[in-house]
Amino acid sequence: MQRGLMMRHALAIAKTLTGSGAILALSLAAVSTAEALEIKSSDVHAMGYPTTDAIQFMGEWLNEQTDGRINLTIYHSMQLGGEKEALEQVQLGALEMTRVSVGVVGPIVDDFNAFNLPYVFRSIDHMHAVVDGEIGQELLERLEVGELIGLGYMDAGARSFYNKIKPIRTPEDLEGLKIRVMQNPIFIDMMSEMGGAGMPIAFNELYTAMQTGVVDGAENNPPSYATQKHYEVAGYYSLTEHLIVPEIFVFSKRVWDTLSEEDQNLIREASVLATEKERELWNAMEQQAMAELLELGIEINDDVDKDAFIAATAPVREKFGAQYAELLTRIEAVE
Ligand code: GTR
């Protein structure tokens, strides 16, 4: 073949290839939008809890919208381990989704620790205004650096102390007590400033840890205290309400990046519905848990010197406050 002819021939082949390549890519895209999607999501709570039920609702909605193409399965009750492990699995893409407390997200995206400071939110309404607004959105977006896609927040009320020894009324009452905290160093500091000793233990190991005396107590909201039956081994519940830590549900960025825009939008839409659903379920569950605890005769005291707790935890807010100064000022300014 002459050189000129050879070149024309090569060019013709290349054009055909590119053409079919483009057709192939197009048909792949068409297939992928219609591809089945299996979402595995984990939670430390059992079904029947506001978070698990809201995620189930999200899954059912997605399933209906896509005629069964998207399917969501919940691995509840710590079947896949604690929250720290779940987040790691989601970061790796081994698990598509998880719902965890913001308490364990601080070590991944530092700014979330601003939400983890004691008495940083004035009330549940204040927390809602923050997470539903600009700040909440900004922080969700920041999760991408941690290989996570932030889908939304959920409610978890306020956390208070419970222990097996005595009611807590002032920070002095915590002196010498070993209290389990979530797996984040900020909570160990918080406990030291309040007078106790904070010990990070996974949620699924807590009942036994209290039963065997590894710790004297823990801190959590009424629904967690009640559903985990922690009152059986730590019968004093004192309403200090020192932390208002929201929950968060996240998607694996690795998996997210392989999804069609259509599916990403559907998941976003479903997430808004899940957040709304959880808030509704949360309010009912909180009341139900308190009623159940009272009926069981659990000693719940609300004669807590909150001002003393707020004062005692000022050094924690100061210590970490410098790091999050701008964010904290913005949080405080939210009405
Ligand atoms: C609950 C929360 C869980 C988990 C647990 C804990 O309130 O819903 O996600 O964080 O507290 O203390 O580990």
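Keep in mind the model is a prediction, meaning the values are calculated, not measured. (Residues numbered from 1 in each chain as written. Predicted model: local features only at pLDDT ≥ 70, side-chain atom pairs only at ≥ 80, totals over all residues.)

Caption draft 1: Representation of the packing of helix H6 (residues 185–194) against helix H12 (residues 314–321) within the structure. Between H6 and H12, the least distance of the axes is 8 Å, while the angle of their chain directions is 145°. Crossing of H6 against H12: the hand is right-handed. On H12, the residues touching Ile-186, Asp-189, Met-190 and Glu-193 of H6 are Pro-315, Val-316, Lys-319 and Phe-320. (Axes fitted to C-alpha atoms, helices over the stretch in contact; angles between N-to-C directions. Helix = DSSP H or I, 4+ residues; strand = E, 2+ residues; numbered from the N terminus. Left-handed = near helix turned anticlockwise from the far one by under 90°. Contact = placed C-beta atoms within 7 Å.)

Caption draft 2: Main features of the site of the ligand. By nearness alone, every residue bordering the ligand is listed as Val-44, Glu-83, Val-100, Ser-101, Gly-103, Ala-156, Met-182, Phe-203, Asn-220, Asn-221, Ser-224 and Glu-247. A per-class count over the shell around the ligand returns five nonpolar, five polar and two charged. (Near = placed C-beta within 6 Å. Nonpolar A, V, L, I, M, F, W, Y, C, P; charged D, E, K, R; others polar.)

Caption draft 3: Focus on the sheet that holds strand E4 (residues 148–154). The five strands are arranged E2-E1-E3-E10-E4 in an open sheet whose pairing can be described as mixed. Looking at which strands have only one partner, the edges of the open sheet turn out to be strand E2 (70–75) and E4. Here the strands of the sheet are splayed against their neighbours by 25° on average, with no regard to which way each runs. Bridge analysis of strand E1 (residues 37–42) against strand E3 (residues 97–101) gives two bridges, and the strand direction is parallel. Looking across to E3, one finds that Ser-41 is bridged to Met-97. Where helix H10 (residues 261–295) meets the sheet, its contacts fall on E1, E2, E4 and strand E10 (247–252), and the angle it forms with E4 comes to roughly 25°. (Pairing = 2+ DSSP bridges.)

Caption draft 4: Region of the structure containing the confidence of the model for the protein. Here the protein shows a mean pLDDT of 92. Residues at 70 or above account for 90%. A low-confidence stretch, residues 1–32 stays under pLDDT 50, and its non-local contacts, those more than four residues away or across chains, total three contacts. (pLDDT = per-residue confidence, 0-100.)

Caption draft 5: Inspection of the environment of Ser-160 at higher detail. Turning to its location among the elements, Ser-160 is positioned in strand E5 (residues 159–163). The exposure class of Ser-160 is buried, given the 22 C-beta atoms found within 10 Å. Taking C-alpha positions, Ser-160 is 6.2 Å from Ser-238, a pair spaced 78 residues apart along the chain. Setting aside its immediate chain neighbours within four residues, Ser-160 contacts Glu-219, Tyr-237, Ser-238, Leu-239, Thr-240 and Glu-241. (Buried ≥ 20, exposed ≤ 12 C-beta atoms within 10 Å, placed from the backbone.)

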